[in-house]
Amino acid sequence: MNIDIITVVPELLDSPFSHSIMKRARDKGLLTVQMHNLRKWAINKHMQVDDYQFGGGAGMVMMPEPLANAIDELQQEKKYDEIIFLTPDGERFNQKAANQLSLKENILLICGHYKGIDERIRKQYVTKEISIGDYVLSGGELAAAVVVDAIGRLIPGVLNDETSALFDSFQDNLLAPPVYTRPADFRGDKVPDILIQGDPKKVEEWRHEQSLLRTRERRPDLLDD
Ligand code: 6GU
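Heads up: these notes are all about the structure in this document. (Residues numbered from 1 in each chain as written. Predicted model: local features only at pLDDT ≥ 70, side-chain atom pairs only at ≥ 80, totals over all residues. Heavy atoms only, no water.)

1. Focus: the overall build of the chain
Helices and strands together make up the secondary structure of the chain, namely eight helices and nine strands. C-alpha atoms of the chain, sized along the principal axes, occupy 70 × 40 × 35 Å. Sorting the 225 residues of the chain into buried and exposed places 41% on the buried side. Put simply, of all contacts in the chain between residues at least 6 apart along the chain, 74% involve residues at least 24 apart. Total accessible area on the chain is roughly 13800 Å²; 50% of this is exposed by carbon and sulfur atoms. Between the averaged position of the 28 positive side-chain charges in the chain and that of its 36 negative side-chain charges there is a distance of 2 Å. (Helix = DSSP H or I, 4+ residues; strand = E, 2+ residues; numbered from the N terminus. Buried < 20%, exposed > 50% of the residue type's maximum accessible area, 1.4 Å probe, protein only. Contact = heavy atoms within 4.5 Å. Areas by Shrake-Rupley, 256 points an atom, 1.4 Å probe, with all protein chains shown as cover. Lys, Arg positive; Asp, Glu negative; His and termini not counted. Charge placed at Lys NZ, Arg CZ, Asp CG, Glu CD.)

What follows is the structure, given as structure tokens:
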């Protein structure tokens, strides 16, 4: 899978994809992530990419020309399955959306800043708008990092048996059960006997039960779906 990211702060995205599972995905050639600095397509020598909004009001808006020129140029190299704008007024991101996006070949992410991007870019180019939750971030970059991580780990071959996504929280609309490692007795707090005994069938039953309990207690909304 190839992910291109248009941003005015590429530095913000240097680290998130350079460690752990994302690093492995890139090293294995299963995922390429490329940052593109929007200022490369600035309209003048002042590197301008934003301007005041028509109608007045505080906050700058990202201009249409730099974005359109950036997208046009990137589209000459690849046919994007989705052009995604990261924005707090987008569709709320969840595991199902991550699963669907993980099946795509080429994705373009656009990170907004300031008051957002000119509406005509959303209308003419953007195929999907994603929010990662009901709070406002100062830019789309951290949201892009979240989305790329959630998608990237689902690409076949990225995770091994030990890190398999099959048993993640949310994969079956349930939260994950509690997990334990050594020691079996930590300051008098003991690991449940069923896990110590290790009968696979009983362990599976126990885990499913714990998942249900935890979901009912913490996220009853997931059981309604
Ligand atoms: Cl995708 N962008 C910004 N700027 N803020 C957000 C968001 C995205 N999702 C939640 N808050």
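2. Focus: the environment of Leu 12
Structurally, Leu 12 is set in the loop between β1 (2-7) and α1 (20-27). Overall, Leu 12 belongs to the partly exposed group, its relative accessible area being 40%. Sequence separation between Leu 12 and Leu 142 is 130 residues; the distance between their C-alpha atoms is 7.6 Å.

3. What about the nonpolar core?
In this structure, Ile 5 and Leu 109 are the most contacted members of the largest nonpolar core, which totals 31 residues. Only β1, α1, β5 (82-92), α3 (95-101), β6 (106-111) and α5 (141-152) provide two or more residues apiece to this core. Per element, the largest residue contribution to this core is seven residues, and it comes from α5. Other than its neighbours up to four places away in sequence, Leu 109 contacts Ile 3, Asp 4, Ile 5, Ile 6, Ile 84, Leu 86, Ala 144 and Val 148. Ala 70, Ile 117, Tyr 125 and Val 126 belong to the second largest nonpolar core, which has 21 residues in total. (Core = buried A, V, L, I, M, F, W, Y, C linked by side-chain atoms within 4.5 Å.)

4. So, helix α7 (residues 200-218)
Spanning 19 residues, α7 covers 26 Å between terminal C-alpha atoms, matching the ideal 27 Å at 1.5 Å per step. All of the buried residues along α7 are Val 203, Trp 206, Gln 210, Ser 211 and Thr 215. Here the buried residues of α7 occupy an arc of 165° about the axis, which is enough to place them on one side. Projecting away from the buried face of α7 at angles above 90 degrees are the exposed residues Lys 201 and Arg 216. As for α7, its buried residues are in contact with α6 (193-197) and α8 (220-224). (Expected span 1.5 Å × (residues − 1). Arc of directions from axis to C-beta.)

5. Description of the site of the ligand
Taken together, Leu 86, Thr 87, Pro 88, Ile 130, Ser 131, Ile 132, Gly 133, Tyr 135, Leu 137, Gly 139 and Ala 143 form the complete shell of residues around the ligand. One nitrogen or oxygen atom from the main chain of Tyr 135 is found 2.5 Å from a nitrogen atom belonging to the ligand. If you list the elements that add at least two residues to the shell around the ligand, you get β5 and β7 (128-131). Take the shell around the ligand: its biggest share by element is three residues, from β5. Of the residues that constitute the shell around the ligand, the class distribution is seven nonpolar, four polar and no charged. (Near = heavy atom within 4 Å. Polar contact = N/O pair within 3.5 Å; in protein donor to acceptor, adjacent residues only side chain to side chain. Nonpolar A, V, L, I, M, F, W, Y, C, P; charged D, E, K, R; others polar.)

6. Concerning the sheet that holds strand β2 (residues 32-37)
In space, the five strands of this open sheet follow the order β2-β1-β6-β5-β7, with parallel pairing throughout. Taken across any chain shown, the strands that pair with only one partner, and hence form the sheet edges, are β2 and β7. Mean inter-strand twist for the sheet, computed between neighbouring axes without regard to direction, equals 30°. Pairing of β1 with β2, which is carried by six bridges, proceeds in the parallel orientation. Bridge assignment links Asn 2 to a residue of β2, and that residue is Thr 32. (Pairing = 2+ DSSP bridges. Axes fitted to C-alpha atoms, helices over the stretch in contact; angles between N-to-C directions.)

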